[in-house]
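The lines below spell out each chain.
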Amino acid sequence: MRVTLLGTGDTTGTPTVGCDCDTCERARELGVERSRFSVHVENGRTGESLLIDLSPDFRYQFLTHDVSLPDAALVTHIHFDHLDGLGNAYRLFDDLPVHAANEVDPVTGESVADTIRRKYDYLDRVSVRDHTPSEWFRTCGLDVRLVPVDHPPLLCYGVVVEDPETGAKCSLTGDTSYGIPGDSRAALSDPDLLLADGIVPASSAVHHPLGGKHHDSDGVPRTFGTKHMTREGALDLAAELGADWTRLVHLAHYYPADEAFEEPLAVDGEQYDL
């Protein structure tokens, strides 16, 4: 199983358009990018691939990185930076199965799967496949499940991908606070590779109107505001889950320039063979 990080940034990416902050300038100097979030998972045994989240940067990502167009896709939640790349399916696919949760969100009154159907009803080459959260399904020869996480006010899901023959496992937290439910933490545990939302360092919480939450014993916030983990929170989660390899993703340009490209913060194009 080969995992390629096509997009490792948050909703504005790094460099951010029109931004001349030290971190964005440093990204330009290094020639690295963090486009909007998307992960490509290739099954080397079958030659098939699964795309997790459809970034608005879809076209650029697939022109830039040497990966195949996906045989199937999965959507974790309906925020535009994870979904709006689906419009690129037009003329590119004969059929693209898109997997999503069937749980009705009390905020929107519809499931992620139904939102995709409604929003992209003009894409007759997209077929939405509904799934009950936490239940396994198979796609591209891989076993996959969506696990509930904590990204208020919308429902959002982490993802577990396992190769049924080799046992290789990749876990993605999805967009989430540190308050991931216990059953989901168990499902995400013991991965070969963990991709964890670590949007900012904990020090940035003082700049958020809601501050931080889920503090550790030293008072360090593991959650930035209510929706995303801090770097420190993501690393604490990785230790708890027993991840062999951890990369932090969904990163904002609010990291100080001297920290923004240090380990284990990911950049676009990284590949991992599990």
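Data block above holds the structure.
Residues numbered from 1 in each chain as written. Predicted model: local features only at pLDDT ≥ 70, side-chain atom pairs only at ≥ 80, totals over all residues. Heavy atoms only, no water.

K.L.:
What is the right way to read the overall build of the chain from this model?
P.N.:
Along the backbone of the chain there are six helices and 16 strands. Taken over C-alpha atoms, the radius of gyration comes to 17 Å for the chain, in line with the 19 Å a tight globule of 274 residues would show. Nonlocal contacts in the chain, meaning residues at least 24 apart in sequence, comprise 63% of its contacts between residues at least 6 apart. Here the chain has roughly 11,300 Å² of accessible surface; of this, 47% comes from carbon and sulfur atoms. Looking at the chain, you have 22 positive and 47 negative side-chain charges, and the mean spots of the two groups are 3 Å apart. (Helix = DSSP H or I, 4+ residues; strand = E, 2+ residues; numbered from the N terminus. Rg over C-alpha atoms; globule rule 2.2 N^0.38 Å. Contact = heavy atoms within 4.5 Å. Areas by Shrake-Rupley, 256 points an atom, 1.4 Å probe, with all protein chains shown as cover. Lys, Arg positive; Asp, Glu negative; His and termini not counted. Charge placed at Lys NZ, Arg CZ, Asp CG, Glu CD.)

K.L.:
In this structure, what is going on with the sheet that holds strand β10 (residues 169-172)? I would like to understand it.
P.N.:
As a general point, the strands of a sheet are linked pairwise by backbone hydrogen bonds and lie either parallel or antiparallel. Spatial ordering of the open sheet is given by β7-β8-β9-β10-β11-β15, a layout of six strands whose pairing is mixed. The open sheet terminates on both sides in strands that have one partner only, identified here as β7 (137-139) and β15 (246-249). Going from strand to strand, the sheet's axes swing by 20° on average, the running direction of each strand aside. (Pairing = 2+ DSSP bridges. Axes fitted to C-alpha atoms, helices over the stretch in contact; angles between N-to-C directions.)

K.L.:
Honestly, the nonpolar core in this entry has me stumped. Any pointers?
P.N.:
Nonpolar side chains tend to gather and get buried jointly when the protein is soluble and globular. Judged by nonpolar contacts, the single largest core of 49 residues is most densely connected at V3, V39, I52, L86, I116 and L195. Residue contributions to this core peak at four residues, all from strand β5 (residues 96-101). By size, the runner-up hydrophobic cluster in this structure holds 24 residues, among which are V149, L194, A234 and Y255. (Core = buried A, V, L, I, M, F, W, Y, C linked by side-chain atoms within 4.5 Å. Buried < 20%, exposed > 50% of the residue type's maximum accessible area, 1.4 Å probe, protein only.)

K.L.:
I tried to follow helix α1 (residues 22-30) on my own but got confused; where do I start?
P.N.:
Counting along an α-helix, one turn takes 3.6 residues, and residues three or four places apart therefore face a common direction. Those residues of α1 lying buried are T23, C24 and A27. In a view along the axis of α1, the buried residues occupy a sector of 100°, so they form one face of it. Set apart from the buried face of α1 by more than 90 degrees, the exposed residues are D22 and E29. One or two positions beyond α1, positive phi appears at G31, with a value near 75°. (Arc of directions from axis to C-beta.)

K.L.:
So what exactly am I meant to see when it comes to the sheet that holds strand β12 (residues 212-215) here?
P.N.:
Ordered in space as β12-β13-β14, the three strands form an open sheet in which the pairing is antiparallel. Of all strands in the sheet, those bounded by a partner on one side alone are β12 and β14 (228-229). Bridge analysis of β12 against strand β13 (residues 221-224) gives three bridges, and the strand direction is antiparallel. Its bridge partner being in β13, G212 is matched across the sheet by F224.

K.L.:
Where do I start with the pattern of salt bridges in this structure?
P.N.:
Pairing of side chains with opposite charge becomes possible as their charged atoms draw close. Per the stated rule, a full pass over the model turns up 17 salt bridges. One salt bridge in this structure joins E232 and R231, with 3.1 Å as the shortest N-O distance. What makes R231 buried here is its relative accessible area of 17%. Several salt bridges share partner residues, and in doing so they unite R45, D163 and E165 into one network. (Salt bridge = Lys/Arg side-chain N within 4 Å of Asp/Glu carboxyl O.)

K.L.:
Sorry if this is basic, but what is going on with the packing of aromatic side chains here?
P.N.:
To describe a pair of aromatic rings, you give the distance between the ring centres and the angle between the ring planes. One pass over the full model with this rule turns up three aromatic pairs. Summarising the aromatic geometry, the rings of W245 and Y272 are spaced 4.6 Å apart at their centres and angled 80° between planes, so their arrangement reads as edge-to-face. Residue W245 is located in the loop between α6 (231-241) and β15, and its partner Y272 is located in strand β16 (residues 271-273); the two are separated by 27 residues in the primary sequence. Note on W245: relative accessible area 42%, which makes it partly exposed. (Phe/Tyr/Trp six-rings, centres within 6.5 Å; stacked < 30°, edge-to-face > 60°.)

K.L.:
Can you help me understand the side chain of E110 in this one?
P.N.:
Mapped onto the elements, E110 comes out in the loop between β5 and α4 (112-119). At a separation of 2.8 Å, a polar atom in the side chain of E110 contacts the side chain of T115. (Polar contact = N/O pair within 3.5 Å; in protein donor to acceptor, adjacent residues only side chain to side chain.)

K.L.:
How do you make sense of the pairing of strand β3 (residues 48-52) when you look at a structure like this?
P.N.:
Taking burial as the measure, the five residues of β3 include four buried ones, the bulk of the element. As judged from the five bridges shared by strand β2 (residues 38-43) and β3, these two strands associate in the antiparallel manner. Counterpart to V39 in the pairing with β3 is I52. The hairpin turn running from β2 into β3, its antiparallel successor, is four residues long, and G47 in that turn takes a positive phi close to 80°. Strand direction decides the pairing type here: β3 and strand β4 (residues 72-74), joined by three bridges, are parallel. Each residue of the ladder has a partner; that of L51, found in β4, is A73. With helix α2 (residues 58-64) bridging β3 and the parallel β4, this β-α-β connection has right-handed handedness. (Right-handed = clockwise from strand over helix to strand, strands pointing away.)

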